[in-house]
Amino acid sequence: MINIKLFTFNFFGENTYLLYDETKEAILIDCGCITPDEEETLSGFIDENKLTLKRLLNTHYHFDHVVGNAYIFRKYGIRPEIHRKEKNINSPTLNMQASRFGIPMNFEETESLRNIEDNEEIHFGNSAIKAILVPGHSPASLAFYSEADHFVIAGDVLFLGSIGRTDLWGGDFSTLISSIQNRLLTLPDDTIVYPGHGPSTTIGAEKSNNPYL
């Protein structure tokens, strides 16, 4: 069984998810820690629970979701993984993205270790999650789905009563709606949706109540 530890980090209340099971192997999704206190909160939990961090995954490359990648690389020697179409030489840097929000900080970027493909299974311990390509909020956002444990980590694609914004780099409204309808709403209704910001919801609740869908 997968345990999920939620941390809420940085200026934007970004949700960082640490997944681990009975083997103590763990994966980290969307590391958004930015201050020394936030970094210590995350690594303290990993160390206190004697977890072995195996992989660092990103749903997408917006700066509030990846700003902690450099810390994880320095601390644990693990590089981030992302879809191959999410970031290229023409993509805005973290500093360029932050400047749009008036945040004058010098963010360190860490090159990706490898690319995650659509429908790829990611294994850790006795557990596995599947990558689902859901573009629209960004060029190639990913969601991470556990059929066995009935949850999906959706990044900034689907929220409680809302959807991801599409006015940032790589966003497209019609693509986002298509991704949600064809790749997420086809999951079982009892699937818990863990979003990139805010509280969780379920696929069934969003089918019934989300005004955008």
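These remarks concern the structure in this document. (Residues numbered from 1 in each chain as written. Predicted model: local features only at pLDDT ≥ 70, side-chain atom pairs only at ≥ 80, totals over all residues. Heavy atoms only, no water.)

With that out of the way, let us pick up helix α5 (residues 173-184). When the terminal C-alpha atoms of α5 are compared, their 16 Å separation across twelve residues agrees well with the 16 Å that a helix rising 1.5 Å per residue should span. On its buried face, α5 is in contact with β9 (142-146), β10 (151-155), β11 (158-159), β12 (162-163) and α6 (203-209). (Helix = DSSP H or I, 4+ residues; strand = E, 2+ residues; numbered from the N terminus. Expected span 1.5 Å × (residues − 1). Contact = heavy atoms within 4.5 Å.)

Side chains of F11, F12 and F101 sit close together on the surface and give an oily, nonpolar patch of about 280 Å² of accessible area. By the element assignment, F12 lies in the loop between β1 (3-9) and β2 (14-20). (Patch = residues over 30% accessible without salt bridge, like charges linked within 9 Å, V, L, I, M, F, W, Y side chains within 5 Å. Areas by Shrake-Rupley, 256 points an atom, 1.4 Å probe, with all protein chains shown as cover. Salt bridge = Lys/Arg side-chain N within 4 Å of Asp/Glu carboxyl O.)

Consecutive residues of a regular strand have side chains that alternate between opposite faces of the sheet. Bridge analysis of β10 against strand β13 (residues 192-195) gives four bridges, and the strand direction is parallel. In the strand pairing of β13, G155 is matched with P195. Two strands pair when backbone bridges link them, and β13 and strand β14 (residues 201-202) are joined in this way by two bridges, in the antiparallel orientation. Bridge pairing in β14 places V193 opposite T201. Where β13 hands over to β14, the hairpin turn is made up of five residues, of which G198 adopts a positive phi near 80°. (Pairing = 2+ DSSP bridges.)

This part covers helix α1 (residues 36-48). In an α-helix, one turn spans 3.6 residues; hence positions three or four apart end up facing the same way. When the terminal C-alpha atoms of α1 are compared, their 17 Å separation across 13 residues agrees well with the 18 Å that a helix rising 1.5 Å per residue should span. Of the positions making up α1, those classed as buried are E38, E39, L42, S43, G44, F45 and I46. Next to the buried residues of α1 lie β1, β2, β3 (25-29), β4 (52-57) and α3 (69-76). One or two steps after α1, the chain reaches K50, where phi turns positive at roughly 55°. (Buried < 20%, exposed > 50% of the residue type's maximum accessible area, 1.4 Å probe, protein only.)

The topology assignment puts P199 in the loop between β13 and β14. Look at P199 and you get partly exposed, because its relative accessible area is 48%. Sequence separation between P199 and L57 is 142 residues, and the spatial gap between their C-alpha atoms is 20 Å.

Take L158: it is sitting in strand β11. By relative accessible area, which is 0% here, L158 ends up buried. With 37 residues separating them along the chain, L158 and P195 place their C-alpha atoms 6.4 Å apart. With residues up to four places along the chain from it excluded, the contact list for L158 reads I163, I180, L184, V193, P195, I203, E206, N210 and L213.

This paragraph deals with the pattern of salt bridges. Under the defined criterion, the tally for this structure stands at six salt bridges. E81 is paired through a salt bridge with R55; the nearest N and O atoms lie 2.7 Å apart. One end of the pair, E81, is in strand β5 (residues 80-82); the other, R55, is in strand β4, and 26 residues separate them in sequence. With a relative accessible area of 16%, R55 lands in the buried category. The partner of K207 in a salt bridge is D189, and the shortest N-O contact between them spans 2.9 Å. You can see K207 sitting in helix α6 and its partner D189 sitting in the loop between α5 and β13, a full 18 residues away along the chain. One network of salt bridges, with partners in common, ties together R55, E81 and E120.

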